[in-house]
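# Chain and residue survey
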Amino acid sequence: MTTRDLARSTSTPTTGTSTRRARPARRTTLGGRTAALLALLALASATGTADAVAAPTGAAAPAAPSRYTHQQLGWQTCAEEATLECATMTAPRDWHHPGRGPDITVAVSRHRAADPARRIGSLLTAAGGPGGQGLLRPADHVRNAPALGASYDIIGFDQRGVGHSTRAVCQTPEEFRSFFSGDFRDDTPADRARVIANSTVLAADCEQRSGGLLPFLTTEQTARDIDLLRALLGERRISYYGPSYATMIGAYYATLFPHRIERMVLDSNIGFDGTWERFQLGQPMSFQRRFEEDFLPWLAARDATYHYGTTPAEVKARWEARRATLREHPIVDGQLTLGPNQLDNGTIQGIYRENNGFTLLATALTALDDWPTADPAARATARRVFGDYLSPEFLAEYFAVTCSDTPWTRDLALWAARGTENAARWPLVGARTLAFSAVCASWPTPTAPRVRVTGAGLPPTLMLNSVHDPATYYEAALSAHRALRGSRLVTVTDNGDHGQYPGPNPCVRTAVESYLLTGATPAGDLTCPSPTTT
């Protein structure tokens, strides 16, 4: 997830089908599920969160003191990636009151354009999550998109709160195990009370151990860090590529500093036109859709390899049976405890991308049948898939952003009822509704100014999304696309991968690289079939 830069044109790429409004692929008929999702979104509006969509743009921050704007970046070879240079940038903890509180540091990196004679400018890349680390992303981008690496200085950073930057601190790994203990599908009053208690403790630990940092780990503050970095790089304008949560970072930056954007690509889009609460209400549906309509048929078609069932119904029944067994008899292997919530988490992780993700998940599932005698390689894959999905470091940033960027309903009785409904309809992600929402309900009251994304003053922006993306679902991408005036949406049909560029789809690659390298934008929205269906 990374990349983009420069110029303007209205030329149409040579591949793909230009349309005025991209239409969903044949697999996007949602029927009752869409109706249910819309009902949940209506409920969010009724509880007072949807009004945030129309909130005014965030207040301008005061001019940064010269001690920030005149600092020099001390570039050195990155300790973890010899192809990159790294430096540390100092920024105010609170851009709206730069004299208050201790400074923070932001770790930044760059890969110089491989062909200086063809250099276009700087292409800033950011990581998703919230909670992902972006410092080393430029190296991956150069390897996977060499044409961009030749023409751009590709810039990365660990956003405030993560990685080598000033970080939030929540819990130790040992303390954090209680958050995912048990079974989120259990729904007695005692179960609900236990989940709420664990979420409340997590929120309290984050607040107590982060030294007052949490209120300032927001997308709006990160956008201002980006503009300081732009200035220190000596660039009047920058280009931007961001996937997943980084689409929201890019949309906020472009809203606050539209005159600083040369070109921008947003890949797999958060619903940045609304609230985090509204966006996350749609994820149980989209993850369940990806699981049932993409992964289960894929695994059933490979019964000769994985022996998990010959039809999607058989595969699902076996997966559910394994989950029930893990509920009664969790696998304990050293530091790994693998129960039903861990099975859910690994499955969620495995369905983000078909290439590698599906295969790793299927291999991991085979190891659960008889753990002591399973193939050692399959057991190692299972430890990786089911044991490494979420960490306290990742969730420290995740909750800091999602609980603080936009308003959050704090009625736990409402969240308990939503959790029951989501677990019944869309259990893979819906079962954890109460646990995650209760963290935000207990989070410090947000103080971040609202940012209303409109696209005003921006050059044409390229947006990418697959129709079955589980995390950044297509319905939210359409809404964000409508809000970002002048944007062009590239819809990848018959596909559910999260993160489309760089990747194997030649239509997507042509659209993105034509835009970033020459400024050519599609005349309208574009449909790119998945290569497997071409």
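Note that the coordinates shown come from a computational prediction; the quantities given were computed from them, not determined experimentally.

Counting all residues, the mean pLDDT for the chain is 89, and 88% of those residues have values of 70 or more. Ignoring residues within four places in sequence, the model shows residues 1–58, a span with pLDDT below 50, making 182 contacts including any to other chains.

A separate point is the packing of aromatic side chains. Two measures describe an aromatic ring pair: the distance that separates the ring centres and the angle between the ring planes. Under the criterion given, the structure shown has 27 aromatic pairs. Ring centres of Tyr68 and Trp95 lie 6.4 Å apart, and the angle between their planes is 50°; on these two criteria the pair is classed as tilted. Of the two residues, Tyr68 sits in helix H2 (residues 66–69) while Trp95 sits in the loop between strand S3 (85–91) and strand S4 (104–111), which places them 27 residues apart along the sequence. The interplanar angle of 85° and the centroid separation of 5.0 Å between the aromatic rings of Phe179 and Phe180 together place this pair among those described as edge-to-face. Of the residues examined, Phe179 reaches a relative accessible area of 2% and is grouped as buried. With a relative accessible area of 7%, Phe180 lands in the buried category. Taken together, the ring pairs connect Phe176, Phe179, Phe180, Phe184, Phe394, Tyr398, Phe399, Phe436 and Trp443 into an aromatic cluster. In this structure, Arg418 packs its charged tip against the face of Trp415, placed 4.5 Å from the ring centre.

With that out of the way, let us pick up the state of the cysteines. Inspection of the entire model under this criterion finds four disulfides. The partner cysteine of Cys170 in its disulfide is Cys206, sulfur to sulfur 1.8 Å. Between Cys170 and Cys206, the S-S torsion sits near 110°, and that sign places the bridge as right-handed. Taken as a pair, Cys170 in the loop between strand S6 (152–157) and helix H5 (173–176) and Cys206 in helix H6 (residues 189–209) lie far apart in primary sequence, 36 residues in all.

Moving on, we come to the pattern of salt bridges. Tallying each qualifying case throughout the model produces 32 salt bridges. Here Arg327 and Glu328 are joined by a salt bridge, their closest N and O atoms 2.7 Å apart. Residue Arg327 is classed as partly exposed on the basis of its relative accessible area, which comes to 38%. Here the residues in one salt-bridge network are Asp183, Asp186, Arg323, Arg327, Glu328 and Asp344, joined through shared partners.

Mapping Ser151 onto the fold places it in helix H4 (residues 146–151). Setting aside anything within four residues of it in sequence, one finds Ser151 in contact with Ala113, Arg118, Arg119, Ile120, Gly121 and Leu517.

The axes of two packed helices give the description: the angle between them and the distance between them. Packing of helix H17 (residues 412–425) against helix H19 (residues 433–442) brings their axes to within 8 Å, and their N-to-C directions diverge by 160°. Viewed along their axes, H17 and H19 adopt a mutual orientation that is roughly antiparallel. When the axes of H17 and H19 are compared, the crossing they make is right-handed. Between H17 and H19, the contacting residues are Leu412, Trp415, Ala416, Arg418, Gly419 and Asn422 on the first element and Thr433, Leu434, Ser437, Ala438 and Ala441 on the second. Residues belonging to the contact of H17 with H19 are distributed by class as follows: six nonpolar, four polar and one charged.

So, on to the side chain of Ser268. With respect to the element layout, Ser268 can be found in strand S8 (residues 261–269). Engagement of the side chain of Ser268 in a polar contact is seen with the backbone nitrogen of Gly499, the distance being 2.8 Å.

Before going further, it helps to examine the environment of Pro460. Here Pro460 is to be found in the loop between H19 and strand S11 (462–466). When its relative accessible area of 22% is taken as the criterion, Pro460 is described as partly exposed. Taking the C-alpha atoms as reference points, Pro460 and Glu262, separated by 198 residues in sequence, lie 9.4 Å from one another.

It is worth spelling out helix H8 (residues 245–256) at this point. Within an α-helix, residues lying three or four positions from one another point in the same direction, as the helix has 3.6 residues per turn. Across its twelve residues, H8 extends 17 Å between first and last C-alpha, which sits within 8% of the 16 Å expected from 1.5 Å per residue. Most of H8 sits out of view: twelve of its twelve residues are buried. Buried residues of H8: Tyr245, Ala246, Thr247, Met248, Ile249, Gly250, Ala251, Tyr252, Tyr253, Ala254, Thr255 and Leu256, and no others.

Along the chain, Trp443 turns up in the loop between H19 and S11. Residue Trp443 is classed as buried on the basis of its relative accessible area, which comes to 2%. A sequence separation of 40 residues divides Trp443 from Cys403, and the C-alpha atoms of the two residues are 6.6 Å apart. Those residues in contact with Trp443 that lie beyond four places of it in its chain are Ala203, Cys206, Leu214, Ala396, Phe399, Ala400, Cys403, Ser404 and Arg410. In terms of polar contacts, Trp443 uses its side chain to reach the side chain of Ser404, at 3.3 Å.

What follows covers the pairing of strand S12 (residues 488–493). Buried residues dominate S12, accounting for six of its six residues. Burial along S12 is two-sided: Arg488, Val490 and Val492 and Leu489, Thr491 and Thr493, pointing in opposite directions, are all buried. Pairing of S11 with S12 involves five bridges; the strand directions are parallel. If you follow Ser466 over to S12, its bridge partner there is Val492. Handedness of the S11-helix H20 (residues 474–483)-S12 crossover: right-handed. Here four bridges tie S12 to strand S13 (residues 525–529), and the two strands are oriented parallel to one another. Each residue of the ladder has a partner; that of Thr491, found in S13, is Thr527. Taken together, S12, helix H21 (residues 506–518) and S13 form a β-α-β motif whose crossover is left-handed.

Attention shifts here to unusual backbone geometry. Cis geometry is found at the peptide bond from Gly129 to Pro130, where omega equals 0°. Residue placement: Pro130 occurs in the loop between strand S5 (121–125) and helix H3 (137–144). Going from Tyr501 to Pro502, the amide bond is cis rather than trans, its omega being -10°. As for its placement among the helices and strands, Pro502 is situated in the loop between S12 and H21. The phi dihedral of His307 is positive, around 55°, even though this residue is not glycine. You can see His307 is positioned in the loop between helix H11 (303–306) and helix H12 (312–328). Exposure remark for His307: the relative accessible area of 52% places this residue in the exposed category. Even without a glycine there, the phi angle at Asp494 is positive, about 50°. Following the sequence through the fold, Asp494 ends up in the loop between S12 and H21.

What counts and how
- Residues numbered from 1 in each chain as written.
- Predicted model: local features only at pLDDT ≥ 70, side-chain atom pairs only at ≥ 80, totals over all residues.
- Heavy atoms only, no water.
- pLDDT = per-residue confidence, 0-100.
- Contact = heavy atoms within 4.5 Å.
- Phe/Tyr/Trp six-rings, centres within 6.5 Å; stacked < 30°, edge-to-face > 60°.
- Helix = DSSP H or I, 4+ residues; strand = E, 2+ residues; numbered from the N terminus.
- Buried < 20%, exposed > 50% of the residue type's maximum accessible area, 1.4 Å probe, protein only.
- Lys NZ or Arg CZ within 6 Å of the ring centre and 35° of its normal.
- Disulfide = S-S within 2.5 Å.
- Salt bridge = Lys/Arg side-chain N within 4 Å of Asp/Glu carboxyl O.
- Axes fitted to C-alpha atoms, helices over the stretch in contact; angles between N-to-C directions.
- Parallel < 35°, antiparallel > 145°, perpendicular 65-115°, else oblique.
- Left-handed = near helix turned anticlockwise from the far one by under 90°.
- Nonpolar A, V, L, I, M, F, W, Y, C, P; charged D, E, K, R; others polar.
- Polar contact = N/O pair within 3.5 Å; in protein donor to acceptor, adjacent residues only side chain to side chain.
- Expected span 1.5 Å × (residues − 1).
- Pairing = 2+ DSSP bridges.
- Right-handed = clockwise from strand over helix to strand, strands pointing away.

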